[in-house]
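A look at the structure
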Amino acid sequence: MISLDLPPESRLSTITTLLATDKNAYNPALYLSRAQAYLDLDFPDLASGDAYRAVLLTDYVRDYLEEGELSSFSSSSPDGGREDAEEFRAATHAWQFITASSTPLETLEQSSLHLLAHSLHLVGCTEEATSYLRLTLRRFPSSPLLTDLQEQISATGRGAGGKSRRFVYPWNTHEPDRFSKETLEYLNTTVVPESSKNIEIRVVSLPLLSDDGRDLGTTKQLGVFATEDIAPGEMCLCEESALTVVTDPVDGGLCEYCGQRYSHTTETFTCEACSDAEAEGVETIVPVWCSPHCRDSAMGKYHPAMCTRPIAPLHRAAATNSPGKITKLTNTSQPGGSVYALLLLKTFAMALVQNLHPLELAETKYLYGVPPVELSGDLRIGWGWEENVRGAVGILEALGVDVFTGTHHLSTDANPEWWDTWVVNTLIAKFRGVASGRLDGRGQTEAAAAHTLYSLVNHDCEPNVRWECSGIMKFWGEGEGVEKGEELKSCYCDKRLGYKERREWMMGCLGGCCRCGRCLREEMEEMGGNGNVLG
């Protein structure tokens, strides 16, 4: 048992180490202990992720006990032939931990559900907190803890949605020092030459943004600069990314790897194993690739982890933007959640095939989405229970990852930390900050992608470059073009909007109100040039 007298940071470190050893990943009591440590550190979003895993384990145990399958269990009992092998294995190991402890299963069940509802309440997911609270009250109607929590939630009222802290977690060792000589050298000698011959990455000073538009000074950031003049209409960047997703990779007419549209006369390529699995009734995706390059790249970078797996519900949800039947794979509460789920799916698949931590992939490592803690203050970002916890667990299950041990047959190094809630939070923050999307004729997202160099082109409502993502991210000179030594600036929204609408639209990706020259000028003009709003 981990002593509550220890500082929460020590408890967190100790429990995380324990969960990664032996069969401890199936111990619900450890998840509850770490969830409490997260709460003590003001991370209710992360606490909900651990409480949910404790709920899953205790539910598995309860189900198999009621079916009479755990009473005769022995460690040598085979489970490989069962359709529910993963759930049964988790339940048997969890039951061993429970029977070896002095804590009854009913107590663990109640504690897990209460902690989950409490965490969701604290993070602002009132609807989901109420749902789990009602479930818990049906099971344990006489609990005074639940009555108190019910009163707290009722007093709060219906929330506008969850919010989590947006910064580099103290234990996140995967984020690079963005301003180091090594980072700049890697970007300029490895990444840039693959996509451009006339740009380079430098450190720049940008306004530090706030939700209310206050002047908070400046902060360092990376930017893209021209190494020679770029004329209006001249292409200066052509960047491919394996972290590209299409919502309908079967019938949408878009290559599953690069996202480019192909014609009916184009020779295309697909995966026979996926086709056979679909014919047998598996809800898998039969991808279409537009070239041998795209097929071979997909096979080498991520497809083996997605091959024949039941991932079609994710694509249906993203293609229709209407989940229909609610499942762990399709229900979302945050804008763009179903598309971010596809990016998360591909990131997880890439991590498995390349045997790399999801935050160490070349496609994710240098994406900007979380500022260093000393710069973030109390910066918050929209957070959804379905996207960041329940849906992420569903993606792992669809890929065949053990959601407790983190293991998978394709990866020798995968472990629980790879898929932790803070990793999911970090990835989604990066996607929300820098991913680009493309709409079809119906106004629905047909493709989205995250490109490293594109993500480094800073925003300005008076841009000097324009971009288009038809699978490959391309930039051209805009207006009067870009002079040698000048920074490339792109507009992240519709520049025809007024400054208030532009600021509101970009709040999520910028992390605050835009303070570019045009926004400040238009704001001052509206205030009559002297800080007084015109009546």
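Below you will find a few notes about this structure. Given the structure is predicted, the values throughout are model-derived calculations rather than measurements. (Residues numbered from 1 in each chain as written. Predicted model: local features only at pLDDT ≥ 70, side-chain atom pairs only at ≥ 80, totals over all residues. Heavy atoms only, no water.)

Observations concerning the nonpolar core
Counting residues in hydrophobic clusters, the biggest one holds 114 residues, and the most contacted among them are Y257, F348, W385, F404 and W419. For this core, the element with the most residues is helix α13 (residues 337-354), which contributes 12 residues. Within the second largest apolar cluster, 23 residues are counted, among which are I230, V465, C469 and L488. (Core = buried A, V, L, I, M, F, W, Y, C linked by side-chain atoms within 4.5 Å. Buried < 20%, exposed > 50% of the residue type's maximum accessible area, 1.4 Å probe, protein only. Helix = DSSP H or I, 4+ residues; strand = E, 2+ residues; numbered from the N terminus.)

As for the sheet that holds strand β13 (residues 473-477)
Pairing in this open sheet of three strands is antiparallel, and the strands run β4-β13-β12 from one edge to the other. A strand with exactly one partner marks an edge of an open sheet, and here the two such strands are β4 (235-239) and β12 (465-469). Taking the axes of each pair of neighbouring strands and ignoring which way they run, one obtains an average angle of 15° across the sheet. Bridging between β4 and β13 involves four bridges; their strand directions are antiparallel. (Pairing = 2+ DSSP bridges. Axes fitted to C-alpha atoms, helices over the stretch in contact; angles between N-to-C directions.)

Things to note about the environment of W476
Among the secondary structure elements, W476 is positioned in strand β13. Given the relative accessible area of 13%, W476 is considered buried. The spacing of W476 and W95 is 381 residues in sequence and 61 Å in space, taken between C-alpha atoms.

Some thoughts on helix α6 (residues 126-139)
In this model α6 runs 20 Å from its N-terminal to its C-terminal C-alpha over 14 residues, within 8% of the 20 Å that 1.5 Å per residue would give. Those residues of α6 that fall on the buried side of the exposure criterion are T126, E128, A129, T130, Y132, L133, T136 and L137. Lining the buried residues of α6 we find α3 (44-66), α5 (105-123), α7 (144-156) and α15 (385-399). (Expected span 1.5 Å × (residues − 1). Contact = heavy atoms within 4.5 Å.)

What to know about the pattern of salt bridges
Here the structure, examined in full by the defined rule, presents 29 salt bridges. Here R466 makes a salt bridge to E478, at a shortest N to O gap of 3.9 Å. With a gap of 12 residues between them, R466 in strand β12 and E478 in the loop between β13 and β14 (489-490) connect regions that are remote in the sequence. On the basis of relative accessible area, R466 is assigned to the partly exposed category, the value being 38%. Salt bridges here are not isolated pairs; linked through shared partners, they connect R34, D50 and D420. (Salt bridge = Lys/Arg side-chain N within 4 Å of Asp/Glu carboxyl O.)

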